[in-house]
Structures are given as structure tokens and as C-alpha cells.
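Descriptive structure summary
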Amino acid sequence: MSGGRDEVDDLIEAWARARSDLAMGPVAVFSRISRLAHHLDRARRQAFTEHEIELWEFDVLAALRRAGSPYELSPGRLLKETLVTSGTMTNRVDRLASRGLVERHPDPSDRRGVLVRLTPEGKKAVDGAFTALIDAENELLADLSPADQDALAGLLRRLLLPFED
């Protein structure tokens, strides 16, 4: 488990010498979070690249996959799920449709509307990428017990809650 030193320990010591008037607790936490985020970004890029999708593609495909069968959402719902503008979403759906990962269907409850549906190829791509991502994330957490992972998740939730809508 713990007991080893990391680069952040050296960073903190150097800052403590340079600025002994400041408490280094935030540096100890957020420098590590920042470095872990870098490793997570790299793991995500690798998982998605292995399955020939980009991060933005994963976001849209994952929103559709989470919707459950028949894996479809309105463009408006996709906007809420992915936090992008309508113009950006139109472009993304167009690009995903051209790759055969999604298709548009008329909305039976709104004759002017459409639904975006995940194709079998899109489902296969997002499922493979998500499995690879979970495997990579499990590797990043391998030194923590399930109880430690739960405790860390709870602490991070407390930090994030003030920023949530």
C-alpha cells in the first residue's frame, strides 16, 4: 500500500522551503489529482483508439447506450447528456451516422422530430471502448482496496458537490 514517496512529495518540500508561510495541504491533494487525471486521460485515449473512436464519439455513443434498448434519444436529450451546443451535436450526429455508428429515425411522438439510434456497430464500438476503459481504470486503482476506493469516491464527491447544478 502506501509508504512510498512520489514526485508530489518532492514538489511539496521544495515549495515548503520557498514559501514556509503557506500550508501545503492543497498542493498535496490537487497536484496528485492533476497527475492522476493525466494518467486517466492517457488511458481513455488508448482505450478509445483501440476501438477506433474519439472521446467526443464515445460521449455521444455512451449516452445512447445508457438510454437502454432501443438505444435512442432525441437530439435535445443528447445535448443535455453531452453538454454541447445544438450545432455541435448536429455535426457529431452527422459524422457518427456517416460512419454507421448511429442512424436517425422519425420520432413517432413528434412528426417534426427525429430520434438518434445506436446501430449494432455503434453498440459494439462503445461496449468495447467502455470495457477497455474500465480495465484501464481498474489498473489505476489496483493499489486501493474496494473499501479505500469507496472512501476516496466519497471524499471526491464531497469536493465536487458544490460545483454541481
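For the protein chain, an unreviewed UniProt entry supplies the name MarR family transcriptional regulator TamR and the organism Nocardioides panacisoli.

With that out of the way, let us pick up the overall build of the protein chain. Scanning the protein chain from N- to C-terminus turns up seven helices and three strands. Each helix (α) and strand (β) of the protein chain, taken in turn from the N terminus, gives the series α-α-α-β-α-α-β-β-α-α. Against the compact-globule benchmark of 15 Å for 165 residues, the protein chain has a radius of gyration of 21 Å, which places it well outside the compact range. Along the three orthogonal principal directions, the C-alpha set of the protein chain runs to about 65 × 30 × 25 Å. The buried share of the protein chain, reckoned over its 165 residues, is 25%. Contacts spanning at least 24 positions in sequence make up 49% of the contacts within the protein chain whose residues lie at least 6 apart.

A few words on the sheet that holds strand β2 (residues 102-107). On the basis of which strands lie adjacent, the open sheet formed by three strands has the order β1-β3-β2 and antiparallel pairing. Because the sheet does not close on itself, it has two edges, and the strands there are β1 (72-73) and β2. Bridge count for β2 against strand β3 (residues 110-118) is six bridges, and the pairing is antiparallel. Paired with Val-102 across the bridge in β3 is Leu-118. Together, β2 and β3 form the strand contacts of helix α5 (residues 86-98), whose direction differs from that of β2 by roughly 115°.

Inspection of every chain in the model, using the stated rule, returns 14 salt bridges. Between Asp-9 and Arg-32 there is a salt bridge whose closest N-O contact spans 2.8 Å. You can see Asp-9 sitting in helix α1 (residues 7-18) and its partner Arg-32 sitting in helix α2 (residues 25-50), a full 23 residues away along the chain. Given a relative accessible area of 26%, Arg-32 falls into the partly exposed group.

Next up on the list: the UniProt feature "domain: HTH marR-type" (unreviewed entry) in the protein chain. Look at the UniProt record and you will see "domain: HTH marR-type" (unreviewed entry) annotated at residues 26-161. Helix makes up 69% of residues 26-161 and strand 12%. Its end C-alpha atoms lie 18 Å apart.

Once that is clear, we can look at the side chain of Arg-92. With respect to the helices, strands and loops of the structure, Arg-92 is situated in helix α5. Buried within the structure, Arg-92 lacks any salt-bridge partner; its nearest side chain of opposite charge belongs to Asp-59, at an N-O separation of 5.2 Å.

The subject of this paragraph is the side chain of Asp-107. With respect to the helices and strands, Asp-107 occurs in strand β2. Buried charge Asp-107 goes without a salt bridge, the closest partner of opposite sign being Arg-117 at 9.1 Å. Residues within four places of Asp-107 in sequence aside, it is in contact with Gly-113, Val-114 and Leu-115.

The subject of this paragraph is the packing of α1 against α2. When two helices pack together, their arrangement is given by the angle between the helix axes and by the axis-to-axis distance. Contact pair α1 / α2: the axes reach a minimum separation of 10 Å and the direction vectors enclose 140°. Taken together, α1 and α2 sit at an angle that is classed as oblique. The way α1 lies across α2 gives a crossing that is right-handed. Note on element contacts: α2 touches α1 through Val-27, Ala-28, Ser-31, Arg-32 and Arg-35, opposite Glu-7, Val-8, Asp-9, Leu-11 and Ile-12. When grouped by side-chain class, the residues that make up the contact of α1 with α2 number five nonpolar, one polar and four charged.

What counts and what doesn't
- Residues numbered from 1 in each chain as written.
- Predicted model: local features only at pLDDT ≥ 70, side-chain atom pairs only at ≥ 80, totals over all residues.
- Heavy atoms only, no water.
- Helix = DSSP H or I, 4+ residues; strand = E, 2+ residues; numbered from the N terminus.
- Rg over C-alpha atoms; globule rule 2.2 N^0.38 Å.
- Buried < 20%, exposed > 50% of the residue type's maximum accessible area, 1.4 Å probe, protein only.
- Contact = heavy atoms within 4.5 Å.
- Pairing = 2+ DSSP bridges.
- Axes fitted to C-alpha atoms, helices over the stretch in contact; angles between N-to-C directions.
- Salt bridge = Lys/Arg side-chain N within 4 Å of Asp/Glu carboxyl O.
- UniProt positions renumbered as here; feature names shortened; annotations may be inferred.
- Lys, Arg positive; Asp, Glu negative; His and termini not counted.
- Parallel < 35°, antiparallel > 145°, perpendicular 65-115°, else oblique.
- Left-handed = near helix turned anticlockwise from the far one by under 90°.
- Nonpolar A, V, L, I, M, F, W, Y, C, P; charged D, E, K, R; others polar.

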